[in-house]
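One-letter residues, chain by chain:
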Amino acid sequence: MSKAVLVVGGAFGDEGKGKVISYLAIKDKIDVAVRGGVGPNAGHTVVSSGKTYKVRLVPSAFTNPQTRLLIGSGVLVNPQLLLEEIKLTDVRSRIGIDYQTGVIEEEHIQRDRMGHLKEKIGTTGTGTGPANADRVLRKGKVAKEIPTLQEFLTDVAGEVNNALDLGKRVLIEGTQGTFLSLYHGTYPYVTSKDTTASAVCADVGIGPLRVGEVIVVLKSYLTRVGEGPLENELPAEEVVKLGWSEFGTVTGRMRRAAPFNFKLAKRACLLNSATQIALTKLDVLFKDDANVKRFQDLSTEAKMFVEKVEAATGVRVTLIGTGPSVEDMIDRRGEV
Ligand code: GTP
Ligand code: IMP
Ligand code: MG
């Protein structure tokens, strides 16, 4: 029997989960990767073999051609978008979708692009909130009712639990971030369900005892798209000057930004029972540290920052991103 590794966002989404997951999929030779989270409101940028992919539904572990890819029943899919992504990433023969995965309809997208969802919350407009609302009212469609999805249907919870029973390597992918959680985030400026590690387990159909490691992904600074509080938010000119400008993968909106918040990082570790932290974009904070592959080769300032994150959270920083590519990663998991 094996235990799953679960990866979850520790801030407001866009922490760089896509890269961390695709690194783990290849490095750890993952057999089965399962995506939890809300739905196509997520956007993950994955740079692999010099090519850039933006995936919203296909698990970010697709970069390992040996990995079986699954989408849990708690997730929402937009069938047309999913079929396009399956084609783009060429994963038709190895992707499975649960019979009960929720479905976003055109009407949900329309409802998400008007009224308070657009004006007050600043949603991604991808229809996930209205689709989850209908799901709660038990009038939403599920994947097994959609003709174009028939060939992909499977019992995801059954597959994942079975893989763990057989001792296979299983990776669970969360999306969004801890402070976008409906329960634990900055309500009402949040997404339409819980996004913490416990919710991700439920999304894919495993109990918490099947998880061995919870990796919370934190970026070296904070970004946020849409409305809602962001402590110590910097003016847009300052963000550009620091080289922290980012644009939403799904919406193209400029992301708001603030310096790393140690208090929030600690809270994210608490809410997710973090056993490890993956810290991304350290090279954006410390330009001299681009593409560094070993912890001992980092600058003193960068090392001190990592140590400060560990001291504030009580959790080890095991993975450190030093560049956009999957290869730009310091991996300290083998060190004691
Ligand atoms: P998630 O939603 O958490 O997956 O993040 P994201 O993919 O939405 O973030 P974004 O759209 O900002 O994409 C991340 C970009 O930053 C991609 O181009 C990645 O290759 C790049 N990236 C990821 N990690 C690092 C890192 O450690 N350093 C640098 N310089 N770039 C990184
Ligand atoms: P919704 O999830 O589209 O309803 O949007 C609700 C809030 O969550 C908005 O502020 C969105 O910008 C934000 N949000 C949802 N998904 C993501 C994500 O994957 N990354 C960043 N922000 C997100
Ligand atoms: Mg994203």
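This section reports on the structure supplied with the text.

Definitions and cut-offs
Residues numbered from 1 in each chain as written. Chains lettered and ligands numbered in written order. Predicted model: local features only at pLDDT ≥ 70, side-chain atom pairs only at ≥ 80, totals over all residues. Heavy atoms only, no water. Helix = DSSP H or I, 4+ residues; strand = E, 2+ residues; numbered from the N terminus. Rg over C-alpha atoms; globule rule 2.2 N^0.38 Å. Contact = heavy atoms within 4.5 Å. Areas by Shrake-Rupley, 256 points an atom, 1.4 Å probe, with all protein chains shown as cover. Lys, Arg positive; Asp, Glu negative; His and termini not counted. Charge placed at Lys NZ, Arg CZ, Asp CG, Glu CD. Near = heavy atom within 4 Å. Nonpolar A, V, L, I, M, F, W, Y, C, P; charged D, E, K, R; others polar. Donors = N, O, S within 2.8 Å, 3.2 Å for Na, K, Ca; no water. Buried < 20%, exposed > 50% of the residue type's maximum accessible area, 1.4 Å probe, protein only. Pairing = 2+ DSSP bridges. Axes fitted to C-alpha atoms, helices over the stretch in contact; angles between N-to-C directions.

### Focus on the overall build of the chain
Step number 1: Along its length, the chain carries 11 helices and 16 strands.
Step number 2: Relative to the 2.2 N^0.38 estimate, which gives 20 Å for 336 residues, the radius of gyration of the chain is 19 Å and therefore close to what a compact globule would have.
Step number 3: Expressed along its principal axes, the backbone C-alpha trace of the chain runs to roughly 55 × 50 × 35 Å.
Step number 4: Sequence separation of at least 24 residues holds for 75% of the intrachain contacts in the chain that already meet a minimum separation of 6.
Step number 5: In the structure as shown, the chain presents an accessible area of about 14400 Å², 53% of it carried by carbon and sulfur atoms.
Step number 6: Side-chain charges in the chain split into 44 positive and 40 negative, and the spacing between the mean points of these groups amounts to 1 Å.

### Some remarks on unusual backbone geometry
Of all residues except glycine, most have a negative phi; of all peptide bonds, most are trans.
Step number 1: The omega torsion of the bond from Tyr 187 to Pro 188 falls at 5 degrees, within 30 degrees of zero and hence cis.
Step number 2: Mapped onto the secondary structure, Pro 188 falls in the loop between β10 (170-173) and α7 (197-204).
Step number 3: Of note in the backbone geometry, Arg 138 takes a positive phi value of approximately 60 degrees without being a glycine.
Step number 4: Position of Arg 138 relative to the elements: it lies in the loop between α5 (128-136) and β9 (153-154).
Step number 5: The backbone phi angle of Asn 232 is positive, close to 60 degrees, even though this residue is not glycine.

### As for the site of ligand 2
Step number 1: Around ligand 2 there are 17 residues in total, and Asp 14, Asn 41, Thr 124, Thr 191 and Val 225 lie nearest to it.
Step number 2: Protein coverage of the free-state accessible area of ligand 2, which is 460 Å², stands at 97%.
Step number 3: Partitioning the shell around ligand 2 into residue classes produces 6 nonpolar, 9 polar and 2 charged.

### Things to note about the coordination of the magnesium ion (ligand 3)
Step number 1: Protein-derived ligands of the magnesium ion (ligand 3) are Asp 14 (OD) and Gly 43 (O), with the metal-ligand distances lying across 2.0 to 2.1 Å. Placement of the pair is Asp 14 in the loop between β1 (4-9) and α1 (17-27) and Gly 43 in the loop between β2 (32-35) and β3 (44-48), with a sequence separation of 29 residues.
Step number 2: Owing to a relative accessible area of 12%, Gly 43 belongs among the buried residues under this scheme.

### Considering the sheet that holds β9
Step number 1: The strand order across the open sheet built from 10 strands is β9-β7-β5-β2-β10-β1-β11-β14-β15-β16, with neighbouring strands paired in mixed fashion. The open sheet has two edge strands with one neighbour each: β9 and β16 (329-331).
Step number 2: Of the pairings in the sheet, the one linking strand β15 (residues 317-321) to β16 comprises 3 bridges and is antiparallel in character. Paired with Ile 320 across the bridge in β16 is Ile 330.
Step number 3: Against the sheet, helix α6 (residues 156-165) touches β1, β2, β5 (68-71), β7 (95-98), β9 and β10, its axis set at about 135 degrees to β5.
Step number 4: Seen against the sheet, helix α11 (residues 300-313) touches β14 (276-280) and β15 and runs at an angle of roughly 145 degrees to β14.

### Quick notes on α1
Step number 1: Buried residues dominate α1, accounting for 9 of its 11 residues.
Step number 2: Along α1, the residues classified as buried are Lys 17, Gly 18, Lys 19, Val 20, Ile 21, Ser 22, Tyr 23, Leu 24 and Ala 25.
Step number 3: Lys 29, located one to two residues past α1, shows a positive phi value of around 45 degrees.

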